[in-house]
Amino acid sequence: MTRSGDLYRKVPVKLLIKNGTVIDPYRGTEYKSDILVVNGVIDRISGSIEKCPGYELIDASNLYITHGFFDMHVHLREPGYTDAEDFLSGTNAAMAGGVTSLLAMANTIPCVDNTITFSGIKAKTKDLPVKIHQLASVTIGREGSALTDMRSLSKAGVVAFSDDGTGIASSEIMKQALKISKELGKLISVHAEDHSFAAGVMNESALSEELGLPGIPYASETVNIARDIELAAYLDCPVHFQHISSKRSVDLIRQAKKRGLRVSCEVTPHHFSLTEDRVKSLSANYKMNPPLRRTEDVEAVIEGLNDGSIDVIATDHAPHSKASKELGFLKAPFGVTGLETLLSAGITYLVKPGKLSLNGFIRKITADPRVLMGIESDLFKHGIKAELVIFDPEKSWEVDGSKMESKSSNSCFEKETHFGKVLCTITGGSIYNSKPFLPVKTIR
Ligand SMILES: [Zn+2]
């Protein structure tokens, strides 16, 4: 059982979604159409599909249908921190948020730095409706000193590597890791942070001084981004930067792309929406790493989303127990939840104010990350397993952690009114329906 009861069920044998507006993020098109899903597989997408007896019908008039969201940055907390989240609650949160595929970070206990731990997770998650791509760490124990057996891990099915939570201090280790990742064709997802001068809890600024809180300078992020851009150029290999937070980071990546380097990056919803001003409340729901920065940084990441300098939007969903987040701003752990507010944060902070088009935003959470990861990106093909989301961009709702599927309620949008609600998610042969919004009728 989940917080909302039976969250999902087997998708009906013949499900007809009628009269919706289809956003095809792979082709960049938008059109009115019906979609027929048979046995959990896309059968037809066509202007008008006739209702037949035995079909179950969703009337999607005034609603949008698109690919299931792909979140490149999620902490599922299992194994090790299951009081905060586990595979099941994380899956439920993902489905409620429209996320049908995700990359799970390796900073669990034990750390995913060997094939035994990796295979154990794979066995536990393979039958869940959400596709969980478990990452392995780049270095053993994420300690930055010895590389994991990346070749064996890759063979076992690891799709990418990351020491997320910690920056890799040694340029030599990073160089070796990038070299192997190039050979394997598997991305390294970089948490860019130089810890030798980043021992703070919020953005380093006049405000951090005023509040008497130790600051994290933007340069602790950019020195590692600059280094790894140079390493990628030196080795002629791709590199991906996680959760970039500062204007300078966007500038560096924009320049690297202009040089023709295979550099990509992601931004989180909190970094395109909120500034360090939120920290004035001293609520640990505004404590994350990298920290919330200044208005000009938020503006720069939005510019980066528009001009393609920033490739994807990823949540960095980082659930923490209530008790740990109540330890006070200095002691509370970094991180906020994000799976269930991915769509609404984008619509509320980007689409509604006219800072990014709806199609542009949807692409950043669907086709673009799949293309980047080299995973099937054309999800409206006949015969493909359905990964679909039906959403209402106008539906307003109050963000309330106590009503979410995640075990944790540390959202930085708590109590805000958001626009945009996922009403239905279809993935892995299961259908999540945000009752009572979207009735499914049986045709007789
Ligand atoms: Zn990180």
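**Some remarks on the overall build of the protein**
So, point 1. Counting its regular elements, the protein contains 13 helices and 20 strands.
So, point 2. A compact globule built from 444 residues would reach a C-alpha radius of gyration of about 22 Å, and the protein, at 21 Å, matches this within 12%.
So, point 3. Reported as C-alpha extents along the three principal axes, the dimensions of the protein are approximately 70 × 45 × 40 Å.
So, point 4. With 444 residues in all, the protein has 61% of them scored as buried.
So, point 5. In the protein, the proportion of contacts linking residues at least 24 apart, taken out of those at least 6 apart, comes to 76%.
So, point 6. As displayed, the protein offers around 17100 Å² of accessible surface, 51% of which is attributable to carbon and sulfur atoms.
So, point 7. For the protein, the distance from the average position of its 52 positive side-chain charges to the average position of its 54 negative side-chain charges is 5 Å.

**Some points on the domain arrangement of the protein**
So, point 1. Taken domain by domain, the protein holds domain 1 (8-65 + 383-404 + 413-442) and domain 2 (68-373).
So, point 2. Relative to domain 2, the C-alpha centre of domain 1 lies at a distance of 28 Å.
So, point 3. Between domain 1 and domain 2 the total buried area reaches about 2600 Å² when both faces are included, carbon and sulfur atoms providing 65% of it.
So, point 4. Interface area lost by domain 1 to domain 2 is led by Tyr8, Glu387 and Phe413, which between them contribute 25%.
So, point 5. Inspection of the region where domain 1 meets domain 2 yields four salt bridges.
So, point 6. A salt bridge links Lys131 to Glu387, with the shortest nitrogen-to-oxygen separation between them at 2.8 Å.
So, point 7. Where the side of domain 1 that touches domain 2 is concerned, the elements lending two or more residues are β17 (388-398), β18 (417-427) and β19 (430-433).
So, point 8. Looking at the side of domain 1 that touches domain 2 element by element, the count peaks at nine residues for β18.
So, point 9. By residue class, the composition of the side of domain 1 that touches domain 2 is 17 nonpolar, seven polar and five charged.

**Here's the deal with the packing of aromatic side chains**
We describe a pair of aromatic rings using the distance from one ring centre to the other and the angle between the two ring planes.
So, point 1. Inspection of every chain in the model, using the stated rule, returns two aromatic pairs.
So, point 2. Each ring, one from Tyr64 and one from Phe391, has its centre 5.6 Å from the other, and the planes form 20°; the classification is stacked. Here the residue Tyr64 occupies a position in strand β6 (residues 64-67), and Phe391 occupies one in strand β17, the gap between them amounting to 327 residues. Of the two residues, Tyr64 and Phe391, both sit in the buried class.
So, point 3. Taking 5.8 Å as the distance between ring centres and 35° as the angle between the ring planes, the aromatic pair formed by Tyr349 and Phe413 counts as tilted. Here Tyr349 is found in helix α11 (residues 342-351), whereas its partner Phe413 is found in the loop between β17 and β18, with 64 residues between them in sequence.
So, point 4. Tyr349 sits in the buried class, given a relative accessible area of 18%.
So, point 5. Residue classification places Phe413 among the buried residues on the basis of a relative accessible area of 2%.
So, point 6. Across from the ring centre of Phe334, 4.7 Å away, lies the NZ or CZ of Lys287, which sits over that ring.

Procedures and definitions
Residues numbered from 1 in each chain as written. Predicted model: local features only at pLDDT ≥ 70, side-chain atom pairs only at ≥ 80, totals over all residues. Heavy atoms only, no water. Helix = DSSP H or I, 4+ residues; strand = E, 2+ residues; numbered from the N terminus. Rg over C-alpha atoms; globule rule 2.2 N^0.38 Å. Buried < 20%, exposed > 50% of the residue type's maximum accessible area, 1.4 Å probe, protein only. Contact = heavy atoms within 4.5 Å. Areas by Shrake-Rupley, 256 points an atom, 1.4 Å probe, with all protein chains shown as cover. Lys, Arg positive; Asp, Glu negative; His and termini not counted. Charge placed at Lys NZ, Arg CZ, Asp CG, Glu CD. Domains from an automatic or database assignment. Buried area = accessible area lost by both parts, 1.4 Å probe. Salt bridge = Lys/Arg side-chain N within 4 Å of Asp/Glu carboxyl O. Nonpolar A, V, L, I, M, F, W, Y, C, P; charged D, E, K, R; others polar. Phe/Tyr/Trp six-rings, centres within 6.5 Å; stacked < 30°, edge-to-face > 60°. Lys NZ or Arg CZ within 6 Å of the ring centre and 35° of its normal.

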